[in-house]
Every structure is written in structure tokens, then in C-alpha cells.
Amino acid sequence: MADRPTQAEPPPLARGPLAWARRHLFNTWYNAILTLGALYLIALGLKAAINWMIVNAVWTGSGADCHASMGEGACWALIAEKHRFILFGTYPYEEQWRPALAIGLFVVAAGLSTWRRLWSRALIASWFALLMVLALLLHGGVLGMSVVRTELWGGLPLTILLSVVGIGLSLPLAILLALGRRSSMPLIRAVSVGYIELVRGVPLISILFMASVMFPLFLPEGLTIDKLLRAQVGIILFSAAYLAEVVRGGLQAIPAGQYEAADALGLGYWRKMRLVILPQALKFVIPPLVNSFIATFKDTSLVIIIGLYDLLGAARTATNDPVWRAFTTEGYIFVAAIFFVFCSFMSRYSRRLERGTGERRSP
Amino acid sequence: MRTFTIGIIAGLVAMMAIFGSARAGTTLDTVRAHDMLTCGVNTGLAGFAQPDSKGVWTGLDVDTCKAVAAALLGSPDKTKFVPLNAQQRFPALQSGEIDLLTRNTTWTLPRDSSAGFNFAPVTYYDGQGFMAKKALNLKSAKELSGATICVQQGTTTELNLADYFRANKLELKPLVFVELAEAEQAFFADRCDAYTTDASGLASTRAAKAGSPDDYMILPERISKEPLAPVVRHGDDAFFDIVKWVVYALIEAEERGITQANVDEMKASQDPNIMRLLGTTPGMGEALGLDPEWAVRAIKAVGNYGEIFARNVGAGSPLKLERGLNALWTNGGLMYAMPIR
């Protein structure tokens, strides 16, 4: 029998998760100590969090029940008591099925719209129709529904309305501004640059403030414009300036050859942009666009400074109630969870969108 | 681009037509034409204006507005509340967005004159005070020399504190916080000996955030004057008169023992003061341009001043504020209605 070298079995800990842990977490004595220390701290933190959030939490009852276990457990009874105010603000209590239905319809529509096979011009038209229906549903005055004035709108529907309309209308405006900034006509270029730089130079909070505090003073006697509308226009104008620069980034990434090719085909300016340049440019800038969308979504919570109760503002107002004042943290956690769901949906969807359209352009 | 701009302008104009509402003539005409009284209130201040769990506005300021609506328009439900922050409140009143400002607003000279507003009678006398642990055995704020005091930064509260300590030659050791909530937390964590803000705020903080509220006391001194009153625009005398006398009527009702519950029986009273107030002897309502039942409706809607106080900030509320300066003049307070005759 030939004396063949036998291949040794790998040591039992060379593969698998244990081996990975040994290689990365316990490779030296001080790393081992650090790992154990970190694990201990994580365990402590988790235990405290679980105890606070679940084990010792007060799920139902009154403010007094919560006060009894103050500092030991979360007071989810706050959410049980106040969730309708946080979600719908000062919208009349008996009519709150309307904003609830509106949110439901919106979520279903948004879900369906992610399905590429439904993408068409009809989809855009049906979104406009849907927004009209939702606005009617909230406003009432038809089909026997009572009129609910816009000052009473609040909570999640307000946040969604401000951000969806804000995003939806600011994008076309942004495209026009971006094209304007790259235009060869000096006047249009100057107007676009002036607008973008002016708006980017001031914080959103001051735009909202001017829209709500100063603007009415300039109006002729006897004319007032709805506060919600003023805030909405402010958000659109603000977000458009930022999006315009994002779109311009995309436009600059298109090589000159594309423009020349489109010219050679005899396309006019608008058709050149619509058919050749913009589809490519917008595709490049999906990540920063979605970034801006998410920022806009979260920025809408600034409308509290002009006295509109968006989701965050409503939560803050709800915990102003003396009975529940000690439990603001719980209110914030509830709102944070809702914001997280919406924002993470947007970012996940944008990743899918990039994969779907993201064949790299070859030079 | 130009068509686009024109489109935007056309759209805005159309929106104005839809959402805008015309305000012509006096506030009184507008309120009557809309059959609705629009009041500016705080965005959320417990006891004064705060939406409850069902989104219904409650509070002392809210009740003042409802009383005016009941007297003027016949129903406390003909009210619309616009939440406003401190900076927005005056422009909102100035521009006609609201008819009446009932937003815990301090009556000061510039506001009452050059700013173009008129103040109706005070509905709540507030003032800055101190809260300290009972265990410290303090009798007066003058014993606070050298004590650490938690205070919010950049407010008149901070300035008043410095003024008071300088005037009384006390040694000031402030511990300053950007957020009110932080200052409160620091106080209850024993990082300072006393905490200062408006007295109504002290009481609500104690009720809401103290582990055991009985361990803390509010010192008797009030180091600033904060008379909170409803505000109307200059040049609206008829409306101003109505607001003013509705507030007086509520105070007078408490003095005469007329409550939300007994107002109808009181109409049978033979006391000439009550008969004038409730319109059994006509003349008063007519003088204001209202009907004789104006005060009856206001009292029925929200109760007399004492009831409003108890329900929102006093014994019947979580704030449990004492009447103090807000007691009737007959009980040593400042609430004094001008004669209704």
C-alpha cells in the first residue's frame, strides 16, 4: 500500500458561523474581551428595552394607571386613548371614517402603481382623478357628506396630502426650472437661476412662515387664502428648487452626442427633451430624487409652526394633555414607526426601480 | 414658460375664488354674514386651549370664544378655532383671518396702542412664580438667594427672573435650558432647588410630571404681571363692546349666583341686577345691538366665570389651580364686572 499523504480533515472550527465568529470576533484576547463586553451591553440594552416596551408596559387604562408605573414601563394606553387624534387631528370624530378610507384608498393605489404592467398615461390620469376623489372625500359637500373645512384636516391624511401633492407638482416644476437653467435664452436662464438660488438660500420654515404670516398682510382687504393651500404652495415651491438641481445633474450627465443625434433627427426642442433627453436623465437621478422625496415627506412636519396639525404635530398636541403629559416618548415612538414605514417603502421601491431601469449606459 | 406662469396665476386665482372668503365692512358684519365666529387659540396649552382625544377644543380661552358666539350668533357651536403660535397670532388678527384672538395673550401698552389692537377684560391673571420642594421649608421667594434655579432660555421668564433677583439684591444662580421640558426634567431630577415659569404652567407641570405632586409647593410671590385677555382689532367698536360685555356678564353671573344649571330659574328672580343681566328687564342687550337673551345664552353655553375656571384650570381639572387673583373682587381677587345697568 502506497504511503499516500492523507488529506487532513479541516479542524472542526474552520467553517460555519462558529469559525466566522472565531476569526472575526475572538481572534485575539482583547478582541474577545471587547466582543463579550459588547454582547453584554447589547443584552442589557435589549432587556431594558423589552421590559420597558412590553413586559412592564401599560396597555390600557387611564393616565393614572400609567403614572403608577412611570419610569418602569411604556404607557401604550396613551396610544389607545389618543390614536385617533394623532392619526386624524381635529377632523370631526364621527366623520373620521372618511380620512381613514382616504388613507386606505391611497395605500392601495400606491401599491398598485408599483406594478410596472399598469404603467401608462392612463395611470397618471387616474392618479389625478384619485387625488380629486380623496380631496372630495376629505372635504365633503357631496353625496350627503358634511363639509369639513380644511383647517380641521390633520394627522396622517394631512401629512400624506402635503407630501404627495408637494412631490407630484414640484417635479414638473423642477424639470422646467432645470431646463430653464440650461436654456440658451438669457432671460429664462436668469429667472431660473434666480429662483433656484433664492429659494435654496432660505430655510423651509421661513417660507412657510412668510406664506402664513406675511402673505395675508399683502392681500387686498377682504381676501384670505386658505392656510392649507398657502402651506402646500410653499412646500411645492421649496421642493421644486431642490429637485431642479437634482434634475440638472441628470441633464449634465447626458453626452452631447445625444442632443446632436436628436437634432439630426429633426426633433424640436420639446420633443427632443421629452423623447430623448429626459427619459435618460431622470433615470440617472432616481436615487437623489427619492432622497429629496423622503426629505419632503419628513419636512411636512414643519407645518406645525403655522398651526396645522400634521402627524407629528398632532402627537405633540395630544401629549400636551395634562393627564398624559409625562408620556411624550410613547407618542413620538408611535409617530416614528409610521414615518419609518412610509419612508422605508419609498426607499425600497426606489431600489427596485433602479434595478428595473438600471441598464448601464455604454459610452 | 409664459403660458405656464399664466396657468399658475390663473390656478391661484381660481383657488382664491374657491377657498377665499370676502371680508367687507366691520367684523360684526362679517361674523353675522358667515354666521360663524372665528377665534385664534393656542396650538395646545392645557387648560386654555387644547383639543381633547376626540379633537374637540376645550379650555378657558375656548369657552370665552363660545360665550361670545352664543351671545352674538345664538349658539356656542357657531365657532371656528384657528390654532396659532405666538408669532402668528397678531398678523392673523390683523389680516382678518380670525375675528377674535383668545390665545392667552398678555395685555401690554404697545399691543393695545401702536400695534392696533384692543383688549377686552382680563379672563385670567397669570404671573411668573417659583416652585420648590416642600422639604426645603421655604416661605417666600426672597429666601432663594444662592439657590440654583431652572429656567428656560430666551424668554421673558429669564429676564423677569434676573430683574427680580437684582431688585431684591439676591444672588442668582440660574441653570438655563433651551427647552421647557428639559428645565422641568432637571428640576424634578433635583438638579436645581427651584423652577420658575408662569404660575399656571407651574401647576400643570406639577400635576403632570412630578412623581408625587404633594412634595412640591408653589411660592406665593408673583414676580411679573401677565393679564391674559381677549383681543380685537382697532376700529371695531361695536364688536369690541360685545366681547367686553360678554366677559363682564360671565363674571357678573358668578357674583349673582347664576349658573349654567339655574339660569332659567333665575329669570324669575326679582333682583333688579339679575333681571337686567338676564333681560327680564330689557335694555341691556339692545344697547349692545343684541337681543335681551344674550347673556342667558352665554351662561347656558359655558356657565359663569367661576364654572369656566373650575372646569378648565381649577378644582375640576387636572391643573387644580387656585383662584388667587382670579377670585371675585368680593373674595379678595381682581375679577370685577363693570355695572350692567
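Residues numbered from 1 in each chain as written. Chains lettered and ligands numbered in written order. Predicted model: local features only at pLDDT ≥ 70, side-chain atom pairs only at ≥ 80, totals over all residues. Heavy atoms only, no water.

Draft legend 1. Region of interest: the overall build of chain A. Scanning chain A for helices and strands turns up 15 helices and zero strands. Seen through its C-alpha atoms, chain A measures out along the principal axes to roughly 95 × 70 × 40 Å. Residues counted as buried form 44% of the 363 residues belonging to chain A. Put simply, 69% of the contacts in chain A that link residues at least 6 apart link residues at least 24 apart. Computing the positive centroid from 32 side-chain charges and the negative centroid from 20, chain A places the two 11 Å apart. (Helix = DSSP H or I, 4+ residues; strand = E, 2+ residues; numbered from the N terminus. Buried < 20%, exposed > 50% of the residue type's maximum accessible area, 1.4 Å probe, protein only. Contact = heavy atoms within 4.5 Å. Lys, Arg positive; Asp, Glu negative; His and termini not counted. Charge placed at Lys NZ, Arg CZ, Asp CG, Glu CD.)

Draft legend 2. Layout of the overall build of chain B. From N to C terminus, chain B includes 14 helices and 14 strands. Its C-alpha radius of gyration of 23 Å places chain B within 12% of the 20 Å reference for a compact globule of 341 residues. Along the longest, intermediate and shortest principal axes, the C-alpha atoms of chain B span 75 × 60 × 40 Å. Within chain B, buried positions represent 53% of all 341 residues. Here the contacts in chain B between residues at least 6 apart in sequence split such that 69% fall between residues at least 24 apart. A total accessible area of about 14,400 Å² is found for chain B, and carbon and sulfur atoms account for 55% of it. Chain B carries 33 positive and 38 negative side-chain charges, and their two centres are separated by 2 Å. (Rg over C-alpha atoms; globule rule 2.2 N^0.38 Å. Areas by Shrake-Rupley, 256 points an atom, 1.4 Å probe, with all protein chains shown as cover.)

Draft legend 3. Layout of a nonpolar patch on the surface. Residues and elements named next belong to chain A. Taken together, the side chains of Trp20, Leu25, Phe26, Leu36, Leu39, Ile42, Leu46, Ile50, Met53, Ile54, Val55 and Trp59 present a nonpolar region at the surface, about 1,200 Å² in accessible area. By residue number, the principal contributor to the nonpolar patch is helix H2 (residues 29-55), which donates eight residues. Judged by its relative accessible area of 52%, Ile42 is exposed. (Patch = residues over 30% accessible without salt bridge, like charges linked within 9 Å, V, L, I, M, F, W, Y side chains within 5 Å. Salt bridge = Lys/Arg side-chain N within 4 Å of Asp/Glu carboxyl O.)

Draft legend 4. Highlighting the side chain of Arg230 of chain A. Structurally, Arg230 of chain A is set in helix H10 (residues 227-252). For Arg230 of chain A, a relative accessible area of 7% gives the class buried. Only 3.5 Å separates the side chain of Arg230 of chain A from the side chain of Glu97 of chain B, close enough to count as a polar contact. Contact partners of Arg230 of chain A, with chain neighbours within four places excluded, come to Ala211, Ser212, Phe215, Pro216 and Ile225 of chain A together with Glu97 of chain B. (Polar contact = N/O pair within 3.5 Å; in protein donor to acceptor, adjacent residues only side chain to side chain.)

Draft legend 5. Fine view of the side chain of Ser192 of chain A. Inspection of the secondary structure assignment puts Ser192 of chain A in helix H8 (residues 186-200). Those residues in contact with Ser192 of chain A that sit more than four places away from it in its chain are Leu177, Gly180 and Arg181 of chain A.

Draft legend 6. Main features of the interface of chain B and chain A. Listed by partner, the interface residues are 43 residues for chain B and 42 residues for chain A. In this assembly, chain B packs against chain A so that about 3,600 Å² is buried in total across both faces, 61% of it on carbon and sulfur atoms. Note that Arg230 of chain A is salt-bridged to Glu97 of chain B, the shortest N-O span being 3.5 Å. Summed over the shared surface of chain B and chain A, the result is seven residue pairs in polar contact (both at pLDDT 80 or more). Partitioned by chemical class, the residues of the side of chain B that touches chain A number 20 nonpolar, 16 polar and seven charged. (Buried area = accessible area lost by both parts, 1.4 Å probe. Nonpolar A, V, L, I, M, F, W, Y, C, P; charged D, E, K, R; others polar.)

Draft legend 7. Region of the structure containing the nonpolar core. Residues and elements named next belong to chain B. Ranked by size, the top nonpolar core spans 138 residues in total, and within it Leu37, Ile258, Leu278 and Trp294 carry the most contacts. When residues in this core are grouped by element, the largest group, eleven residues, is from helix H9 (residues 237-255). Filtering out sequence-adjacent residues up to four positions away, Trp294 remains in contact with Ala71, Trp245, Val246, Ala249, Leu277, Met284, Gly285 and Leu288. Core analysis: the next-biggest nonpolar cluster, separate from the first, contains 15 residues, Ala132, Leu138, Leu144 and Val151 among them. (Core = buried A, V, L, I, M, F, W, Y, C linked by side-chain atoms within 4.5 Å.)

Draft legend 8. Representation of unusual backbone geometry. Phi angles above zero are rare outside glycine, and Lys169 of chain B is one such case at about 55°. Tracing the backbone through its elements, the reader meets Lys169 of chain B in the loop between helix H6 (156-167) and strand S10 (173-177).

Draft legend 9. Highlighting the state of the cysteines. Residue and element names in this part refer to chain B. For the structure on display, the rule yields three disulfides over all chains. Between the sulfur atoms of Cys150 and its disulfide partner Cys192 the distance amounts to 1.7 Å. When the S-S torsion is -80°, as for the bridge of Cys150 with Cys192, the disulfide is left-handed. Taken together, the positions of Cys150 in strand S9 (residues 148-152) and Cys192 in the loop between helix H7 (180-188) and strand S11 (194-198) put the pair 42 residues apart, joining distant regions of the chain. The disulfide pattern of chain B is 1-2, 3-4 when the bonded cysteines are numbered in sequence order. (Disulfide = S-S within 2.5 Å.)

Draft legend 10. Just the pairing of strand S4 (residues 79-84) of chain B, in detail. Residues and elements named next belong to chain B. Across the six residues that make up S4, a large majority, six, are buried. Burial along S4 is two-sided: Thr79, Phe81 and Pro83 facing one way and Lys80, Val82 and Leu84 facing the other are all buried. As judged from the six bridges shared by strand S1 (residues 37-42) and S4, these two strands associate in the parallel manner. From the neighbouring strand, Asn42 faces S4, where its bridge partner is Leu84. (Pairing = 2+ DSSP bridges.)

Draft legend 11. Highlighting the environment of Leu175 of chain B. Looking at the secondary structure, you find Leu175 of chain B in strand S10. In contact with Leu175 of chain B, other than residues within four places in its own chain, are Thr148, Ile149, Cys150, Val151, Arg191 and Cys192 of chain B.

Draft legend 12. Expanded view of the domain arrangement of chain A. If you check the domain split of chain A, you get domain 1 (26-55) and domain 2 (77-91 + 148-357). The gap between the C-alpha centroids of domain 1 of chain A and domain 2 of chain A is 41 Å. (Domains from an automatic or database assignment.)

Draft legend 13. Main features of the pattern of salt bridges. Residue and element names in this part refer to chain A. Evaluation of the coordinates by the stated rule reveals 23 salt bridges over all chains. With a closest N to O distance of 3.2 Å, Lys272 and Asp263 form a salt bridge. Take Lys272: its relative accessible area is 10%, and that puts it in the buried class. Judged by relative accessible area, which is 41%, Asp263 ranks as partly exposed. One continuous salt-bridge network, built from bridges that share partners, spans Arg181, Glu197, Arg200, Glu245 and Arg248.

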